[in-house]
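The lines below spell out each chain.
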Amino acid sequence: MQLHTVDYLILVLYFAFVIGIGWLLKRRVATSSDFLTSSRSVPLWITSLAFLAANLGAQEMVGMCASGAKYGIMTSHFYWVGAIPAMIFVGIFMMPFYYGSRARSVPEYLKLRFDEKTRAFNAITFATMTVFSSGISMYALGLLFQLMLGWSFTASVLLSALIVLVYTLLGGLTSAIYNEVLQFFLIVLGFAPLAILSVLKAGGWEGMAGRIPAVMTHSWSYMKAPADNPMGVEVFGLVAGLGFVLSFGYWCTDFLVVQRAMAADSMAAARLTPVIATFPKMLLPFIVIVPGIAALALHDMNIGYALPAKNGGLDYDQALTTLMAQFYPTGMLGVGLTALMASFMSGMAGNVTAFNTVWTYDIYQSYFHPQANDRHYLLVARLTTVFGIALSIGTAYLARLYNNIMDLLQLVFGFVNAPLFATFLLGMFWRRATGHGAFSGLLAGTGAAALTHGLTTAEGKGGWLISVHTFTSTMAQNFWIAIFAWSTCFLLTILVSLATKRKADSDLRNLVFGLTDLPPEEHGGIRLRPATVAIAAGAVCLALNFLFW
Amino acid sequence: MWDLRTPSGMFFALLGLILVMTGLLHPTARAPLLDFNVNIYAGAAMFLFGGCLLWLSKRRS
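What counts and how
Residues numbered from 1 in each chain as written. Chains lettered and ligands numbered in written order. Predicted model: local features only at pLDDT ≥ 70, side-chain atom pairs only at ≥ 80, totals over all residues. Helix = DSSP H or I, 4+ residues; strand = E, 2+ residues; numbered from the N terminus. Rg over C-alpha atoms; globule rule 2.2 N^0.38 Å. Buried ≥ 20, exposed ≤ 12 C-beta atoms within 10 Å, placed from the backbone. Contact = placed C-beta atoms within 7 Å. Axes fitted to C-alpha atoms, helices over the stretch in contact; angles between N-to-C directions. Parallel < 35°, antiparallel > 145°, perpendicular 65-115°, else oblique. Left-handed = near helix turned anticlockwise from the far one by under 90°. Nonpolar A, V, L, I, M, F, W, Y, C, P; charged D, E, K, R; others polar. Core = buried A, V, L, I, M, F, W, Y, C linked by C-beta atoms within 7 Å. Domains from an automatic or database assignment.

### Digging into the overall build of chain B
Then, in step 1: In terms of helices and strands, chain B carries 2 helices and 0 strands.
Then, in step 2: Against the globule reference of 10 Å for 61 residues, chain B gives a C-alpha radius of gyration of 14 Å, more extended than a compact globule.
Then, in step 3: Along the three orthogonal principal directions, the C-alpha set of chain B runs to about 45 × 15 × 15 Å.
Then, in step 4: Looking at chain B residue by residue over its 61 residues, the buried ones come to 38%.
Then, in step 5: In chain B, once contacts between residues fewer than 6 apart in sequence are set aside, the share between residues at least 24 apart is 75%.

### Examining the packing of helix α5 (residues 77–100) of chain A against helix α10 (residues 235–253) of chain A
Residues and elements named next belong to chain A.
Then, in step 1: The geometry of α5 relative to α10 is characterised by a closest axis approach of 8 Å and an angle of 50° between their N-to-C directions. Between α5 and α10, the angle falls in the class oblique. Here the hand of the crossing between α5 and α10 comes out right-handed. Together, H77, V81, G82, A83, P85, A86, M87, F89, V90 and M94 of α5 and L238, V239, L242, G243, S247, F248, W251 and C252 of α10 make up the contact between the two elements.

### Digging into the environment of L508 of chain A
All names here are of chain A.
Then, in step 1: Take L508: it is sitting in the loop between α21 (474–499) and α22 (530–547).
Then, in step 2: Taking the C-alpha atoms as reference points, L508 and M428, 80 residues apart in sequence, are found 9.7 Å from one another.
Then, in step 3: Sequence-distant contacts of L508, that is, excluding residues within four places in its chain, are made with R431, K503 and L515.

### Observations concerning the interface of chain A and chain B
Then, in step 1: Across the contact, 27 residues belong to chain A and 23 residues belong to chain B.
Then, in step 2: Elements represented by at least two residues in the side of chain A that touches chain B include exactly α1 (5–25), α8 (153–201), α15 (319–327) and α16 (332–368) of chain A.
Then, in step 3: For the side of chain A that touches chain B, the class distribution of residues is 21 nonpolar, 5 polar and 1 charged.

### Quick notes on the nonpolar core
All names here are of chain A.
Then, in step 1: The biggest cluster of nonpolar side chains holds 216 residues, and the ones touching the most others in it are C65, V164, V181, I293 and A485.
Then, in step 2: When residues in this core are grouped by element, the largest group, 24 residues, is from α8.
Then, in step 3: When we break this core down by domain, the ones giving at least three residues each are domain 1 (5–117 + 152–359) and domain 2 (412–518).
Then, in step 4: When near neighbours in sequence (up to four residues on either side) are disregarded, A485 contacts F415, A418, P419, G445, T446, A448 and A449.

### Let's talk about the packing of α1 of chain A against α16 of chain A
All names here are of chain A.
Then, in step 1: Between α1 and α16, the shortest axis-to-axis distance is 8 Å and the interhelical angle comes to 35°. For the pair α1 and α16, the sense of crossing is right-handed. In this structure, α1 uses V6, D7, I10, L11 and Y14 to contact α16, whose residues at the interface are L333, G334, V335, L337, T338, M341 and A342.
Then, in step 2: Tallied by class, residues from the contact of α1 with α16 come to 9 nonpolar, 2 polar and 1 charged.

### Some details on unusual backbone geometry
Residues and elements named next belong to chain A.
Then, in step 1: You will see that R40, though not glycine, has its phi angle at about 50°, which is positive.
Then, in step 2: Phi at E459 takes a positive value of approximately 50°, unusual for a residue other than glycine.
Then, in step 3: Mapped onto the elements of the fold, E459 is located in the loop between β3 (456–458) and β4 (461–462).
Then, in step 4: Under the C-beta neighbour-count criterion, E459 is labelled partly exposed, with 14 such atoms within 10 Å.

### Thoughts on the environment of I124 of chain A
Then, in step 1: Residue placement: I124 of chain A occurs in helix α7 (residues 116–149).
Then, in step 2: Considered as a pair, I124 of chain A and Q183 of chain A are 59 residues apart in the sequence and their alpha carbons are 29 Å apart.

### Notes on the domain arrangement of chain A
One frequent convention defines the size of an interface as the accessible area lost when the parts assemble.
Residue and element names in this part refer to chain A.
Then, in step 1: Annotation of chain A at the domain level lists domain 1 (5–117 + 152–359) and domain 2 (412–518).
Then, in step 2: Put simply, the middle of domain 1 and the middle of domain 2, counted by C-alpha atoms, are 26 Å apart.
Then, in step 3: Domain 1 puts 26 residues into the contact, and the matching count from domain 2 is 23 residues.
Then, in step 4: Listed by contribution, the elements that provide at least two residues to the side of domain 1 that touches domain 2 are α5, α6 (106–113) and α10.
Then, in step 5: If you tally residues by element for the side of domain 1 that touches domain 2, the top one is α10, at 11 residues.
Then, in step 6: Looking at the side of domain 1 that touches domain 2 residue by residue, the class counts come to 16 nonpolar, 7 polar and 3 charged.

Dropping the structure here:
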């Protein structure tokens, strides 16, 4: 793939604008709260799009297109079964407690609701995970640009990290959020033409459906048994594992996304943020998954497009970039690559800003230097931006050198995340849940996840204790690990809570359902009612599931 | 507080302009699997999108 002057010009224009936005927002940062939480002042439409974009990293773009080519439209389950119900739930049912508690972060909510040790567990694991995941995506970007354009790994990693560092350092969370909106527009406008062009070339949806196996164009029809579909999953594992445990665990408890809603300028806006974000989210499969399906159809048409081969099969990971090479001339190629860079940056800035807040407030202020003045914390927050990005760069190189260690770490992070939603669900809706219950539930849930992995195998993975069951795919294994982890955490939290002393109702005000004054639906000048918007979103999502049944 | 639609609108209007100019100056530049000038169409769409954002921000102010 060869870039020309105009492609570089587009990339430079994009860099200039993201830094410019950071520069314009510089004046708004006077306190640590401005830098780390945007002082709860960001308008609704901006928080909604940022809520989406922070999750829309380059790995998601490349990975979802690859999954489209590998699994077909079933990949949309990650959106229409996974993300949408969870986003509606966090907005309608959980945001009143996150926002109403005045907590500055998700770990801080755990401190207020439960106790110090539960916060510490969540803060430390979350901070470690964000640094690693930002480093891993940086590694993926460096590798991608090296493969596609022959750019040096170091140059790609350092350049992209430097741009994110500059605009985040200038305007803090607000700058990251504002830029995420620009990046979201660019991702959509940069990749939508690719989806349209590739599908048209493949003969439209009907033309594609006629060329590839029927299982690739139906999302539910082949779900009766794991062997019937390329994902190797069945309905219960999918709905309970992905649709409930994993998706709710991510969208409802991960501070990276929840932070965007917590920056909104009113309670109503905070609740509406994830709910409004569901509309663009449910349309994203048409931009990120459908081109992958088109790639597979084009591959079978023998018209000059072929997915590269890998290990005797096809290299699905290259679906997106090979399509760009075939459908984008110089000019649009620059836009496509800039969109890829933008998706990477939005994901990375999301990680960096969430890490900043958790490190500064939940770790540094809580355990190292509790009584300092605000100027001190602002300085620490700024230094943390530099420190966090430097750590991410280090992690990117670590991933390059020791790929197996990274796989292992991601597996362990998965174990830690799996039970989280049970803790939050009980914490927010059962006032009897205690700190000891939550902490022991989290530890036991993490242990149950590891144990399930040790006792089962899938595609040669897991079974390091003894294999008592074999799954059709690692995806099915992951869903079931999540189900066992969640159930263990849920049950143990209840048992231990019943045996330990609960907090007084007065200490749980605005933290638990039944002890929180829910705000009136119309608030902050917004006429939209969160519940009405949620019902509309649910109906559209249901219709999409039926449309591709 | 300034409106984010202003810089975003300027960015997409400029990007659209660059693409349209590229399409006009290099009318024969084609991607391997395409037989039409995608830069002009995509550029025009981006220019329009940028224009809409600028119009919305101007209307607000």
